[in-house]
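# Descriptive structure summary
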Amino acid sequence: MKKNKSLLLSGPYVLWMLVFTLIPLGVVGYYALTDPSTGVFTWGNLRDLSLFLPTLGSSVWYSLVSALICLVLGYPVAYYIAHRPPVTQKILYMLVMLPMCMSFLLRTLAWVGLLESNGIINQFLNLLGIPSLELIGTPGAVILGMVYNYLPYMVLPLYAIIVKIDNRLIEAAEDLGCTPVQVFSKVVLPLSMPGILSGITMVFVPAVSTFYISQKLGGTDTMLIGDVIERQFKSAGNPNLGAALSLVLMLLVFICTGIMNRFGSDEEGGVVV
Amino acid sequence: MSKELIRLQDLTMEFDGERILDGINLYFNDHEFLTLLGPSGCGKTTTLRIIGGFLTPTSGRVLFDGKCINDVPPYQRQINTVFQRYALFPHLDVFGNIAFGLNVAKLPKAEIAQRVSEILEVVGLQGFEHRRIDSLSGGQQQRVAIARALVNRPKVLLLDEPLAALDLRLRKDMQNELKRIQQAMGITFIYVTHDQEEALSMSDTVVVMDKGRIQQIGKPEDIYNEPKNAFVADFIGESNILDGVMLEDYKVKFFGRTFKCLDAGFAPNEPVDVVIRPEDIDFVPPEEGHLTGTVTSVTFKGLNYDIIVDFKGFKWLIQTTDHQPEGATVGIRLNPEDIHVMRKSEYSGMFGDYSSYSAEYDELTEDAADEEE
Ligand SMILES: Nc1ncnc2c1ncn2[C@@H]1O[C@H](COP(=O)(O)OP(=O)(O)OP(=O)(O)O)[C@@H](O)[C@H]1O
Ligand SMILES: [Mg+2]
C-alpha cells in the first residue's frame, strides 16, 4: 500500500527523467558511437577527441580559476550576510539572487557593451585622455564573464552553510584560547567546507560547458569545449563528433563532482554536498 | 581558600530594556567551589557568560585579581567553560575536541596525547578517542565537554549545569569526581545548577538567585538552616511557612500561641515569616502537643511518609517515618531549634502553604480525564 503510494508520487519525476534525460542520453551515446556518413558502429569519433584535448584542458582551467575567484569573492559576502539580523539577511539574499532573474544572454551582452574596443569603459578612458585598452577577446574577459554569471551559485550554498554554524561553537573556541583568526581557521572554515565544495561544484559544472560567454567575450584563442561542441552540431555539421565530445565532458564533470563529494565526506564524515 | 580571585561589582545586564541581572555583587575566592543556584531564567547563565567574557554587562565591573577585565576578550581570560549544551565541535572527534585548547596553546604532541588520555580516564571515556561526536550519547558528550575544559587546567572553571543530561547514578558519580578533581587540581569552580541537592552537597558556598537578584549567599548548612526569606526557604528543600509576630527576642507568636525560638534582633511585635522544616516535626500524643491537627493525606516516599496535617485550616507538610492513618488526630511539639524566623519580604505569602497539596493532585487527575474525552 505504502509502496504503491510512493511509486505513484515519484511517477511523474521518473517519467520526466526517462523522457528528457535518459532517452536523450541514449541518443547522445548512439551518435557518439556511430559513423557520421554510414551510421554504423565506430570508435572513430572518440579517437578524434585527442585533437580537442587542449581545448578541454583550457575549459577546465578557466572554470577552475573562475570557481576559485568566486570562492574568494563569495565567501566574505556569504559570511557577511549570514551575520546580519534575520530581516537584513532576507533582503541581502534577494539582492544576490536578483541578477539570476535576468537573462543569462543579456547579462553577458551587457559586458560586451562595457568591454568592447569602443565600449563604455574605453570611451570613458578616452575621455580622460587615456588610450583604449584591449579588454574584450582576452582570457580575463572570459573569466570575468564566468565569475559575474556564476557568483550567486557560490554565495548561496556558502550562505546556507555558514548561517547554520552554531554561535556557541565560536564561543567555545574563543573560550579555549582562539584568537579571532584562529576561530576562523580552526572552526568556521572547516565547518564551511560542505558549502565551499558545493559552491565550487555549482560554479564549475556550468562554467566548464558554457559556450556563450567565450563566444561573446573571448577571442579566437579562448575557444572553450562548449563552443567546439556547439559548432559540431551547427556550422561543422558533425553531430556524431559533438555527441562524443559531450559524452566525454559529462564524464569529466561526473568525475570532478565525485572527487569533490569524496573529499567532502572525508572532511565532514558523510555530509552530502 | 583565602585569596579573593574574582569580584562582580554592581553588575547589571539588560536585554532589550529588560533587566535580567539587577545589581549583582559577589566575590569568588581562589580554590573555592561556588554554586549559583536558582530557578530557570533567573540569570545564572547570563552571569557565567559575563564572567567568561561572552557578554559585556550593561553596567558594573568584573574584577580578576583586582584588575577590571570588562574589556578583556574571552581568549585572553584564564577561564574555561563547560557550556550548558556542550557546544562540542562536530568536525573533530573526541580526541580533537579535548585536545583543542592544548593545540591552540601549541603544546608538544606527546604531552597533548598524555594529558588527553589522562583526562579521558578521569571522565571514564577511555578508548573513545576516535569516536565521532554525533555517535556519542548525551551523557558521553557532556563528559567530553567537561574533559575539554578541564584538560587545560584553568585557574577558573565555569560549569553551566554540566551534569543535567546524566542519569541519577552517573550524576552522583560525576559529582564526587568533579569535587575530587576540583580539590586535587586546586581550580576555582563556578558551578551553575537548579538542583538544590547537588548545590548543597558539592559547594563551599551557595549563591541563591531569583529574578536577577542574589537572595542569599552562604555555606550550604547556613542556607538550609537559616534561609533569609520565603523564596530561599521554599527553594532549598521543603518548608512550612507561617505568618507570625516576633514579640521580643527569642519569643515568636503564631497560631495564637507563643513559642520559644533562637532568633533575635527584630523590632518588638515585628511581623515575620516562620519556617518549620517538615523533617523537624515529630508527632506526640494529642494531649501532649503544642498543636493538634487532623491527618488529611499520606504518601509513601520510600525513605519516609509525606503526611499533610490540617492545623486550624492551614495545612502542613510533615516528613516522618512514623506512619499515621488518614483522619487520625495528631499532636506536635515544636522545640526552639525547630523554628526559624525570617524578615518579611516580597516573597511572603507566596510559598510554604500545603493547603493545595492534595487538591492539586485531584485537579491534575481531573484535567487528565478531561483531555482524554
Ligand atoms: N541574548 C539574550 N537576549 C534576550 N534575552 C536574553 C538573552 N539571553 C538571556 N536572556 C533572558 O535572560 C533571562 C535569564 O537567562 P539565563 O540564560 O541567564 O537563565 P538561567 O538562569 O541560566 O536559566 P536556565 O536554568 O533555564 O538555564 C531569561 O529570561 C532569558 O530569556
Ligand atoms: Mg542557563
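A few points on the structure.

Calculation rules
Residues numbered from 1 in each chain as written. Chains lettered and ligands numbered in written order. Predicted model: local features only at pLDDT ≥ 70, side-chain atom pairs only at ≥ 80, totals over all residues. Heavy atoms only, no water. Near = heavy atom within 4 Å. Polar contact = N/O pair within 3.5 Å; in protein donor to acceptor, adjacent residues only side chain to side chain. Helix = DSSP H or I, 4+ residues; strand = E, 2+ residues; numbered from the N terminus. Nonpolar A, V, L, I, M, F, W, Y, C, P; charged D, E, K, R; others polar. Core = buried A, V, L, I, M, F, W, Y, C linked by side-chain atoms within 4.5 Å. Buried < 20%, exposed > 50% of the residue type's maximum accessible area, 1.4 Å probe, protein only. Pairing = 2+ DSSP bridges. Axes fitted to C-alpha atoms, helices over the stretch in contact; angles between N-to-C directions. Donors = N, O, S within 2.8 Å, 3.2 Å for Na, K, Ca; no water. Expected span 1.5 Å × (residues − 1). Arc of directions from axis to C-beta. Contact = heavy atoms within 4.5 Å. Buried area = accessible area lost by both parts, 1.4 Å probe. Salt bridge = Lys/Arg side-chain N within 4 Å of Asp/Glu carboxyl O.

Our focus in this paragraph is the site of ligand 1. All names here are of chain B. All residues in the neighbourhood of ligand 1 are listed as Phe15, Ile20, Ser40, Gly41, Cys42, Gly43, Lys44, Thr45, Thr46, Gln84, Glu161 and His194. Within the side chain of serine 40, one N or O atom sits 2.5 Å away from an oxygen atom of ligand 1. Note that an oxygen atom of ligand 1 is positioned 3.1 Å from one of the side-chain N or O atoms of glutamate 161. No other element matches the 3 residues that helix H1 (residues 44-52) contributes to the shell around ligand 1. Taken together, the residues of the shell around ligand 1 sort by class into 3 nonpolar, 7 polar and 2 charged.

In terms of nonpolar packing, the biggest core is built from 52 residues, with Met146 of chain A together with Phe89 and Phe100 of chain B touching the most fellow members. Listing elements by their share of this core, those giving two or more residues are helix H3 (53-82), helix H5 (104-115), helix H7 (139-162), helix H8 (167-175), helix H9 (180-208) and helix H10 (212-217) of chain A together with helix H2 (94-104) of chain B. When residues of this core are assigned to their parent elements, the largest contribution, 12 residues, is made by H7 of chain A. Counting 35 residues, the second largest nonpolar core, distinct from the first, contains Tyr86, Val116, Leu120 and Leu150 of chain B.

Moving on, we get to the sheet that holds strand S13 (residues 257-260) of chain B. Residues and elements named next belong to chain B. Strand order in this open sheet of 5 strands is S13-S12-S11-S14-S20, and the pairing throughout is antiparallel. At either margin of the open sheet sits one strand with a lone partner, and together these are S13 and strand S20 (339-343). Each adjacent strand pair in this sheet contributes to an overall mean axis angle of 45°, direction not counted. Where strand S11 (residues 240-248) lies against strand S12 (residues 251-254), 3 bridges are found, and the strand directions are antiparallel. Looking at S12, one finds that methionine 246 is bridged to valine 252.

Moving on: the sheet that holds strand S16 (residues 291-300) of chain B. Residue and element names in this part refer to chain B. Taken in spatial order, the 5 strands make up an open sheet running S15-S19-S16-S17-S18, and their pairing is antiparallel. A single partner strand is all that each edge strand has here, and the edge strands are strand S15 (282-284) and strand S18 (314-320). Neighbour-to-neighbour, the strand axes of the sheet open up by a mean angle of 50°, direction not taken into account.

Before going further, it helps to spend a moment on the coordination of the magnesium ion (ligand 2). All names here are of chain B. Protein coordination at the magnesium ion (ligand 2): the donors are Thr45 (OG1) and Gln84 (OE1), at 1.8 to 2.5 Å from the metal. Of the two residues, threonine 45 sits in helix H1 while glutamine 84 sits in the loop between strand S6 (79-82) and H2, which places them 39 residues apart along the sequence. Under the relative-accessibility criterion, threonine 45 is labelled partly exposed at 28%. On the basis of relative accessibility, which here comes to 30%, the residue glutamine 84 falls in the partly exposed class.

For the rest of this paragraph, the subject is unusual backbone geometry. Residue and element names in this part refer to chain B. Positive phi values are uncommon outside glycine, yet aspartate 65 reaches one of about 55°. Tracing the backbone shows aspartate 65 in the loop between strand S4 (59-64) and strand S5 (67-68). Residue aspartate 65 is classed as partly exposed on the basis of its relative accessible area, which comes to 36%. Phi is positive for lysine 211, close to 50°, though the residue is something other than glycine. For lysine 211, the location among the structural elements is in the loop between strand S9 (205-210) and strand S10 (213-218).

Residues and elements named next belong to chain B. Under the 1.5 Å per step criterion, the end-to-end length of helix H3 (residues 109-122) is 20 Å for 14 residues, consistent within 8% with the ideal 20 Å. For H3, the complete set of buried residues consists of Ile112, Arg115, Val116, Ile119 and Leu120. Projected onto a plane normal to the axis of H3, the buried residues spread over an arc of 135° and lie on a single side. Structural note: H3 exposes Ala110 and Glu121 on the side pointing more than 90 degrees away from its buried face. Summarising the contacts, the buried residues of H3 are in contact with H2 and helix H4 (138-150).

On to the pairing of strand S3 (residues 33-37) of chain B. Residue and element names in this part refer to chain B. Where burial is concerned, most of S3 is hidden: 5 out of the 5 residues are buried. Across the two faces of S3 the burial is the same, with Phe33, Thr35 and Leu37 and Leu34 and Leu36 all buried. Pairing of S3 with strand S8 (residues 188-193) involves 5 bridges; the strand directions are parallel. The residue of S8 that forms the bridge with leucine 34 is isoleucine 190. Bridging between S3 and S9 involves 4 bridges; their strand directions are parallel. For threonine 35, the partnering residue across the bridge sits in S9 and is valine 206.

Taken together, the 19 residues of chain A in the interface contact 21 residues of chain B. Here chain A and chain B share an interface that buries about 1900 Å² over both sides, 62% of which is from carbon and sulfur atoms. Applying the counting criterion to the chain A and chain B interface returns 1 salt bridge. Salt-bridge contacts for arginine 49 of chain B lead to glutamate 171 of chain A; the nearest nitrogen and oxygen are separated by 2.7 Å. In this assembly, chain A and chain B are joined by 6 residue pairs in polar contact (both at pLDDT 80 or more). Put simply, the parts of the chain that give the side of chain A that touches chain B at least two residues each are H8 and H9 of chain A.

All names here are of chain A. The topology assignment puts threonine 201 in helix H9. Exposure remark for threonine 201: the relative accessible area of 16% places this residue in the buried category. Filtering out sequence-adjacent residues up to four positions away, threonine 201 remains in contact with Pro206, Thr257 and Met260.

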